[in-house]
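Descriptive analysis of the structure
Given next are the chains, with one letter for each unit.
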Amino acid sequence: MPVLILHWLKTSQERQGLPFYQVLAIFGSREKLSADSSCTTLLFRVREINTSSALYTNRKDKLKLQFQDYESQSEKHSPKQRQIAEVMKTLFHITLVLLVAVTSAIRITSSSLETISSYRQLEYLGFDEPPRYGLKLLNWFIQNCLDNNMVATCKPDQGDYGFHPFYNNERLFPKIWDSSQYTYYSIGNLNSPGANRLPYDIRRYLTQRDLRSNMDRVVVRYNHNNRRIEEIYITAHYSRQETYRIDPELVQSVRSGSNNQDSWIFPACNRREDL
């Protein structure tokens, strides 16, 4: 009789979805089954198995319902999630573009500006074509406001010859991180206070009718601690396309007189009769 009951349990419980090894586990949980087991004991175990099977089925159904509910919720919100993903993707691309633009704007260094190594280059670029005067202004500055160690002999920080601070708001020149030590100063605005002390050859073409007669500037990076001129630039009224760094070797060659072009560019460069 117990053997028949076990056979019935195996077939019926597997049909209900409960693996037979779980049936045996339930049966063997309290006492070992044997051929001598009473029918009452077997029937009691059958009721336990039926109860466990029902719990197993209920748990499986609940999990199935939860999964179906999750799928329905996912389908319900997936359009919104896709919309959010698209917005985030767009914001990422905008941020990337802005980052590249800002980085490109900040990355203006002296090496990114073309370096001028001869007066002939400036002449070719139009800095000595009247009414422009940039080449004469640069030559005068090198020979009259510098010594051989690049120390300023005039006083840009006190407005000599029309010098005034240039704040570099558009990052035309490399950024100054220590503003207490370094400052950019500009000279060449012929209407600035003190500019009338510049030589006549620089000011001779000044007229209100032609903007080119007052467009050239020389900009220097000035060290307040030792009065040294760290960098020299020449620019056509701060146009990025017409701004150039002056090679220090050109400065030294003009200072030493080894540049044979200075005599015909500014023959009176060492005379201060108009100061």
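These numbers were taken from a predicted model, which means no experiment stands behind them. (Residues numbered from 1 in each chain as written. Predicted model: local features only at pLDDT ≥ 70, side-chain atom pairs only at ≥ 80, totals over all residues. Heavy atoms only, no water.)

It is worth spelling out the packing of aromatic side chains at this point. One pass over the structure, following the stated rule, counts 9 aromatic pairs. Summarising the aromatic geometry, the rings of Tyr 185 and Tyr 222 are spaced 5.7 Å apart at their centres and angled 80 degrees between planes, so their arrangement reads as edge-to-face. Of the two residues, Tyr 185 sits in strand 3 (residues 182-187) while Tyr 222 sits in strand 4 (residues 216-223), which places them 37 residues apart along the sequence. Through a chain of ring-to-ring contacts, the aromatic side chains of Phe 166, Phe 173, Tyr 184, Tyr 233 and Tyr 238 assemble into a single cluster. Of note, Arg 132 hangs over the ring of Phe 127, and the distance from its end group to the ring centre comes to 4.6 Å. The lysine or arginine in question, Arg 221, covers the ring of Tyr 182, its NZ or CZ lying 4.5 Å from the ring centre. (Phe/Tyr/Trp six-rings, centres within 6.5 Å; stacked < 30°, edge-to-face > 60°. Helix = DSSP H or I, 4+ residues; strand = E, 2+ residues; numbered from the N terminus. Lys NZ or Arg CZ within 6 Å of the ring centre and 35° of its normal.)

Okay, unusual backbone geometry next. The linkage connecting Pro 130 with the following residue, Pro 131, adopts the cis geometry, with an omega of 10 degrees. For Met 150, which is not glycine, the phi torsion reads 65 degrees and is therefore positive. Residue position: Met 150 is located in the loop between helix 5 (134-144) and strand 2 (164-166). A relative accessible area of 10% means that Met 150 is categorised as buried. A positive phi angle, near 50 degrees, is found at His 237, a position not held by glycine. (Buried < 20%, exposed > 50% of the residue type's maximum accessible area, 1.4 Å probe, protein only.)

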